[in-house]
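Below are the chains, spelled out letter by letter.
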Amino acid sequence: MTAEKVIVASNLVKTFKDFRAVDDISFEVEAGKIFGFLGPNGAGKTTTIKMLTTTLAPTQGTILLAGHDPQRAPLAARRAFGIVFQDPSLDGEMTAQENMKLHAVLYSVPRGEQAGRIEAALKFVGLWDRKDSFAKTFSGGMKRRLEIARALLHTPRILFLDEPTLGLDPQTRNHVWEYIQTLARDRNMTVFFTTHYMDEADRVADEIAIIDRGRIVAHGTPGALKENANAATLEEAFISLTGHAIRDEQASSSDRTRTMGRLWGRT
Amino acid sequence: MSIIYILWLRQLKRYSRSRARIFASLAQPILFLFAMGFGFGPTFQKAGNGNYIQFLAPGIVAMAILFSAVFSGIEILWDRQFGFLKETLVAPVHRIQIVLGRTLGGATVAIIQGLIVFCFCMIAGFRIQDYGLLPVAAAFMFLIAMLFTAIGTIVGSLLEDMQAFPLIMNFLVMPMFFFSGALFPVKNLPGILSGVMRLNPLTYGVDGLRGALNHGFAFGVTTDFVCLGLAALVLLAVGNYFFARIEV
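Summary of the structure given here. (Residues numbered from 1 in each chain as written. Chains lettered and ligands numbered in written order. Predicted model: local features only at pLDDT ≥ 70, side-chain atom pairs only at ≥ 80, totals over all residues.)

What about the overall build of chain B?
For clarity, the cut-off: Each helix corresponds to a stretch of at least 4 residues labelled H or I by DSSP, and each strand to a stretch of at least 2 residues labelled E; elements are numbered beginning at the N terminus. With the radius of gyration taken over C-alpha atoms, the globule rule is written as 2.2 Å times the number of residues to the power 0.38. Buried, partly exposed and exposed are defined by the number of other C-beta atoms within 10 Å of a residue's own C-beta, namely 20 or more, between the two limits, and 12 or fewer respectively, with C-beta atoms placed from the backbone. With C-beta atoms placed from the backbone, a contact is any residue pair whose C-beta atoms sit within 7 Å.
Assigned secondary structure in chain B consists of ten helices and zero strands. Beginning at the N terminus, the succession of helices and strands in chain B can be written as α-α-α-α-α-α-α-α-α-α. Relative to a compact globule of 248 residues, whose C-alpha radius of gyration would be 18 Å, chain B shows 18 Å and is just as compact. If you line up chain B on its principal axes, its C-alpha atoms span 60 × 35 × 35 Å. Across the 248 residues in chain B, those meeting the buried criterion constitute 49%. The contacts in chain B between residues at least 6 apart in sequence include a share of 82% that link residues at least 24 apart.

Printed below as a string of structure tokens:
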């Protein structure tokens with residue numbers, strides 16, 4: 001019996017003018033698996049996630065999310081996944097519960113089930129007693145947990161996590177991964193994540209793909225990757241595959257305005 | 001429907017929780033009302049145009065709606081910078097539902113601001129001439145609010161960050177306000193000025209509001225209604241177009 005393929009990407013290409021950000025990549029992820037997508041800055045990780053999550057159209061190639069094509073049936077594809085973005089995407093001027101309620105309505109969770117599911121999800125991440133606090137008063141770790149809880153509300157088949165543990169302390173990081181592993185195991189949820197912490201990827205991922213300059217340069221279990229690269233740790237394997245050069249990314253205008261916003265006392 | 005409602009509700013909640021914003025955006029219209037109203041009042045009266053507060057009040061109400069509505073639309077920028085916009089853009093809903101929810105929410109907030117300023121106008125001595133025309137006044141307030149929330153939506157969808165915000169205020173919002181007849185009568189003006197004002201949709205909004213509250217439309221209630229309504233529809237469509245093209 002072969003397990004169901006929940007994410008199928010075939011020959012994905014994305015070009016921006018004459019730059020090939022993603023250059024003919026293909027991969028499949030089975031139901032209930034935790035899939036780590038690693039790569040240096042600017043390798044094409046975020047572009048790939050954007051294409052998978054319907055916000056960017058591929059130049060070539062196809063994607064299937066739980067059987068739905070994000071380009072042809074974006075709404076059905078969106079119902080199939082939950083996402084935790086790299087940057088917070090909460091409304092700080094609303095309480096934790098209000099953020100959850102808004103998500104439940106946006107994803108057409110049946111009215112009668114909303115309250116129960118919100119309570120269960122907030123309890124799962126340990127934020128039920130803070131449900132009436134404004135999201136802007138939460139620490140980085142609490143925001144991340146709230147976003148994970150929110151992404152689970154519509155019981156998606158797939159959970160996308162873009163650097164879910166960035167900027168969190170080790171305790172919170174362990175907690176976050178515990179939640180995620182529980183979800184994959186108990187709900188047969190497929191998890192697709194990116195991270196820069198190789199030790200985390202090594203510990204939690206069932207399967208890893210390493211992308212560099214828009215191409216997948218290695219793909220397999222963490223053990224197999226280390227073996228092939230003849231490395232003791234995943235980090236060594238990663239560096240031997242992608243080289244030592246430091247990649248630069250430009251600060252986006254968002255980063256600049258976020259700084260401005262802080263000056264003005266916004267979240 | 002529930003999606004539009006929840007986004008509308010969100011705008012209202014954000015408004016009611018942001019005291020600083022309420023006061024800050026009320027301060028300017030009220031300053032104009034008292035400083036201009038009482039400052040120019042005697043001159044206006046001597047020129048044979050009657051009571052200036054009575055003339056000015058509808059313009060000041062329109063001003064409050066204008067500023068608040070544009071600002072509500074531009075809130076898209078804040079939502080983009082602080083990430084919340086992404087949450088709505090990857091949700092399984094059509095973009096037009098998001099635009100409608102936001103626009104109606106922003107317009108409602110703007111109308112509330114307009115009503116608060118209207119109360120101050122009453123304190124300053126404004127008197128409603130014909131209570132039967134209040135529904136007409138309400139309709140014009142709604143159209144002004146929708147029109148300028150739509151303009152805010154366009155600006156918010158096109159800009160990447162807040163750095164261009166002062167530019168928008170100085171070169172779009174302030175001129176629209178000054179060349180709308182909010183502060184002075186539209187009759188007997190120099191040709192160019194009169195032409196510019198005829199192209200400004202707010203001119204019809206101010207005239208409609210003033211006509212309804214004060215008895216006496218300069219252009220006629222139908223002209224006001226049609227010009228303002230058409231402009232609002234077109235700008236809503238343009239706003240929807242640009243919002244649909246936002247990439248996260």
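Moving on from the coordinates now.
Focus: the environment of A:Val105
As for its placement among the helices and strands, A:Val105 is situated in helix H3 (residues 96-106). Taking C-alpha positions, A:Val105 is 9.7 Å from A:His154, a pair spaced 49 residues apart along the chain. Other than its neighbours up to four places away in sequence, A:Val105 contacts B:Ser2, B:Ile3 and B:Ile6.

Looking at the environment of A:Gly167
Take A:Gly167: it is sitting in the loop between strand S6 (158-162) and helix H6 (170-187). Looking at A:Gly167, the number of C-beta atoms within 10 Å reads 11, which means it is exposed.

So, the sheet that holds strand S7 (residues 190-194) of chain A
Strand pairing within a sheet occurs via backbone hydrogen bonds; the two strands may be parallel or antiparallel. Residues and elements named next belong to chain A. Our working definition: Pairs of strands are assigned from DSSP output, requiring at least two bridges between the strands. Working convention: axes come from line fits to C-alpha atoms, limited for helices to the stretch in contact. Angles between N-to-C directions cover 0 to 180 degrees.
Spatially, S5-S6-S7-S3-S8-S9 is the arrangement adopted by the six strands of the open sheet, whose pairing is mixed. Two strands bound the open sheet, and with one partner strand each, they are strand S5 (81-84) and strand S9 (215-220). Strand-to-strand twist across the sheet, computed as the mean angle between neighbouring axes with direction ignored, equals 15°. As defined by bridge partners, strand S8 (residues 207-212) adjoins S9 across five bridges and the pair is classed as antiparallel. Bridge assignment links Ile 211 to a residue of S9, and that residue is Ile 216.

Some details on the sheet that holds strand S2 (residues 19-30) of chain A
Residue and element names in this part refer to chain A. One open sheet accounts for three strands, arranged S2-S1-S4; its pairing is antiparallel. Strand pairing shows two members of the sheet lacking a second neighbour, S2 and strand S4 (60-65), which therefore form its edges. Sheet twist, expressed as the average angle between the axes of neighbouring strands with direction ignored, equals 15°. In this structure, strand S1 (residues 5-16) lies alongside S2, joined through nine bridges in antiparallel fashion. Paired with Val 13 across the strands is Asp 23, a residue of S2. Those strands touched by helix H1 (residues 45-52) are S1, S2 and S4, and its axis lies near 120° from that of S1.

Here's the deal with the packing of helix H3 (residues 52-81) of chain B against helix H5 (residues 95-123) of chain B
All names here are of chain B. For the record, the criterion: Roughly parallel refers to an angle under 35 degrees, roughly antiparallel to one over 145, roughly perpendicular to one between 65 and 115, and oblique to any angle outside these ranges. Two helices that cross are described as forming a left-handed crossing if the nearer one is turned anticlockwise from the farther one by less than a right angle, and a right-handed crossing if clockwise. Side-chain classes follow a simple rule in which Ala, Val, Leu, Ile, Met, Phe, Trp, Tyr, Cys and Pro form the nonpolar group, Asp, Glu, Lys and Arg form the charged group, and the remainder, Gly included, forms the polar group.
Packing of H3 against H5 brings their axes to within 8 Å, and their N-to-C directions diverge by 150°. In terms of orientation, H3 and H5 fall into the roughly antiparallel class. The hand of the H3/H5 crossing is right-handed. Residue-level contacts link Ala 57, Ile 60, Val 61, Ala 64, Ile 65, Ser 68, Ala 69, Ser 72 and Gly 73 of H3 to Gly 106, Ala 107, Val 109, Ala 110, Ile 111, Gln 113, Gly 114, Val 117, Phe 118 and Cys 121 of H5. The residue inventory of the contact of H3 with H5, partitioned by class, reads 13 nonpolar, six polar and no charged.

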